[in-house]
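Examining the three-dimensional arrangement
Take a look at the letters that make up each chain.
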Amino acid sequence: ILNWSTLPREAKVAKLLEGERIFEMPVEKVVAFLRELLEGGRTLEFLRILRHFSKGLFVPAMARRASVAGAFEQVADWVEIPGMPVPAMDELMEILGRAWGGEKDPNVHQAISRGVEHVIWFWVQGGNPARAHTLYTNLQDQVTEMSPPAPWKDRATIDLLGRLGSPERMGLLLNQLFHTEKLEATSKIYPYLRMLGAAGAQGLVHRLSEETDRGRRGRLADALKSFGHIAEGPLLESLMAPEWFVVRNALNVLGEIADSERIPDLLPSLGHEDLRVVAAAVRAIGRMGGRQAESALVPMLAHRDTDTLLEVIFALGELKSKNAVPGLIELLQSGGSRPKPAQAKILEKAIETLGLLGSTSAIPFLEELLARRRSFFRDSRQPLNLRVAALKALAAFNTEEAQLSIERAIAAEPKGSERDALLEALSQTLV
């Protein structure tokens with residue numbers, strides 16, 4: 001030790017590789033010499049000493065394991081040295097992985113965990129999160145094979161992922177996402193994001209709430225969808241945000257990944273003050289499906305906003321909700337004889353949906369919409385667009401009762417442009 005600084009490099013290497021002498025040296029001197037070798041490009045000598053020194057991670061004496069683990073944490077923190085050779089990175093990860101799986105002391109394990117963190121982040125920072133994901137997967141395999149389960153090891157894993165998913169690191173990773181083709185990102189970046197678990201989902205949700213660029217918001221939403229149910233917690237928290245667009249974005253993603261059990265959490269959004277949020281909630285609940293979705297959306301047929309009503313009617317049609325038939329008929333009955341263009345669009349959609357739902361209880365009402373009503377003093381009828389919609393809806397039933405209704409209406413229709421239009425619509429349905 002006293003003569004260490006005067007020894008030539010070759011002699012230092014020989015001394016450190018001789019028996020147990022490396023463990024008699026102060027750790028700081030071993031670490032400093034490893035750094036000297038690395039910066040001098042002496043990779044082979046660096047790796048020989050690193051392997052020899054790593055034996056200290058697997059001895060019974062906890063004091064030695066703790067000392068060597070601290071040294072390896074420092075070495076792993078050198079990953080940002082320009083030109084850090086890949087063989088050194090691979091060797092570090094192999095050693096730390098075995099130590100991670102076999103270490104039984106929580107305090108020693110913490111130093112090993114921080115070393116693992118540095119190595120994994122090296123690959124992410126270098127633009128290769130897929131490699132980082134593979135290393136972490138191998139790490140978990142080693143844990144399964146080498147040590148019995150322990151609650152503190154589960155906690156250590158969560159802490160590691162939390163550090164890897166810190167806001168600063170997520171920022172760099174998401175910048176990679178924005179500059180990577182979507183198809184390529186699904187294989188190179190999405191797996192790493194999912195690996196981060198709740199930390200990754202939380203980071204995506206946070207960035208989604210701040211992102212102003214529409215294209216980037218779409219990329220973030222796609223990445224969140226790949227998380228599946230893991231992303232539900234952070235997204236549900238976003239439903240309480242004061243910004244309308246944060247709530248809307250969360251609803252859009254929840255509609256893709258959540259099931260009907262989450263519908264109660266979305267119900268308050270149906271009464272949101274911003275109609276864009278209401279529309280997103282209708283779409284999300286409709287996608288989740290089930291009886292709860294029907295129960296939530298059928299009362300929305302009384303909503304006064306035309307865009308919202310269109311979303312509700314479409315969702316109920318997708319749900320094949322026969323429970324919506326009375327509400328749709330009531331909506332049509334309240335439409336009046338001369339609806340405005342926006343309202344006429346709603347009425348057409350409602351009629352189309354009645355045909356889609358296929359409830360025979362709607363046939364008499366559709367027949368009434370289609371028919372021309374004559375009396376001594378006047379000849380009344382619904383607007384042509386609604387009559388055509390009613391004819392198409394009846395044709396969609398494909399039943400004898402519906403067919404007879406169409407035939408009666410056509411037979412009673414006088415010659416003229418409207419009869420021609422009805423016949424044209426009928427011919428289109430037959431095709």
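Residues numbered from 1 in each chain as written. Predicted model: local features only at pLDDT ≥ 70, side-chain atom pairs only at ≥ 80, totals over all residues. Heavy atoms only, no water.

Following the sequence through the fold, aspartate 420 ends up in helix 25 (residues 417-430). For the pair formed by aspartate 420 and isoleucine 410, sequence separation is 10 residues and the distance between their alpha carbons is 9.7 Å. (Helix = DSSP H or I, 4+ residues; strand = E, 2+ residues; numbered from the N terminus.)

Turning to the packing of helix 21 (residues 341-357) against helix 23 (residues 384-397), a few remarks are in order. Contact geometry for helix 21 and helix 23: axes closest at 7 Å, N-to-C directions at 15 degrees. The angle between helix 21 and helix 23 falls in the class roughly parallel. When the axes of helix 21 and helix 23 are compared, the crossing they make is right-handed. When helix 21 is examined against helix 23, the residues Ala344, Leu347, Glu348, Ile351, Leu354 and Gly355 are found in contact with a partner set consisting of Asn385, Leu386, Ala389, Ala390, Ala393, Ala396 and Phe397. (Axes fitted to C-alpha atoms, helices over the stretch in contact; angles between N-to-C directions. Parallel < 35°, antiparallel > 145°, perpendicular 65-115°, else oblique. Left-handed = near helix turned anticlockwise from the far one by under 90°. Contact = heavy atoms within 4.5 Å.)

Applying the stated rule across the entire model yields 28 salt bridges. Between glutamate 418 and arginine 381 there is a salt bridge whose closest N-O contact spans 3.1 Å. You can see glutamate 418 sitting in helix 25 and its partner arginine 381 sitting in the loop between strand 2 (379-380) and helix 23, a full 37 residues away along the chain. Owing to a relative accessible area of 35%, arginine 381 belongs among the partly exposed residues under this scheme. Linked by salt bridges that have partners in common, Arg9, Glu10, Arg42 and Glu45 make up one network. (Salt bridge = Lys/Arg side-chain N within 4 Å of Asp/Glu carboxyl O. Buried < 20%, exposed > 50% of the residue type's maximum accessible area, 1.4 Å probe, protein only.)

So, on to the packing of aromatic side chains. Scanning the model with the defined rule gives 5 aromatic pairs in all. Pairing phenylalanine 23 with phenylalanine 53 gives two aromatic rings, centres 5.8 Å apart and planes at 25 degrees, and the pair type is stacked. With phenylalanine 23 in the loop between helix 1 (9-16) and helix 2 (27-39) and phenylalanine 53 in helix 3 (residues 43-53), this residue pair connects regions lying 30 residues apart in the sequence. Taken as a pair, phenylalanine 23 and phenylalanine 53 share a single burial class, namely buried. With a centroid separation of 5.1 Å and 85 degrees between ring planes, the pair formed by phenylalanine 122 and tryptophan 123 is classed as edge-to-face. When its relative accessible area of 17% is taken as the criterion, phenylalanine 122 is described as buried. Exposure remark for tryptophan 123: the relative accessible area of 12% places this residue in the buried category. These aromatic residues form a ring-pair network of at least three members: Phe23, Phe53 and Phe72. Lying across the ring of tryptophan 123, arginine 131 places its NZ or CZ 5.2 Å from the centre. Positioned above the aromatic ring of tryptophan 244, the side-chain terminus of arginine 276 is 3.6 Å from the ring centre. (Phe/Tyr/Trp six-rings, centres within 6.5 Å; stacked < 30°, edge-to-face > 60°. Lys NZ or Arg CZ within 6 Å of the ring centre and 35° of its normal.)

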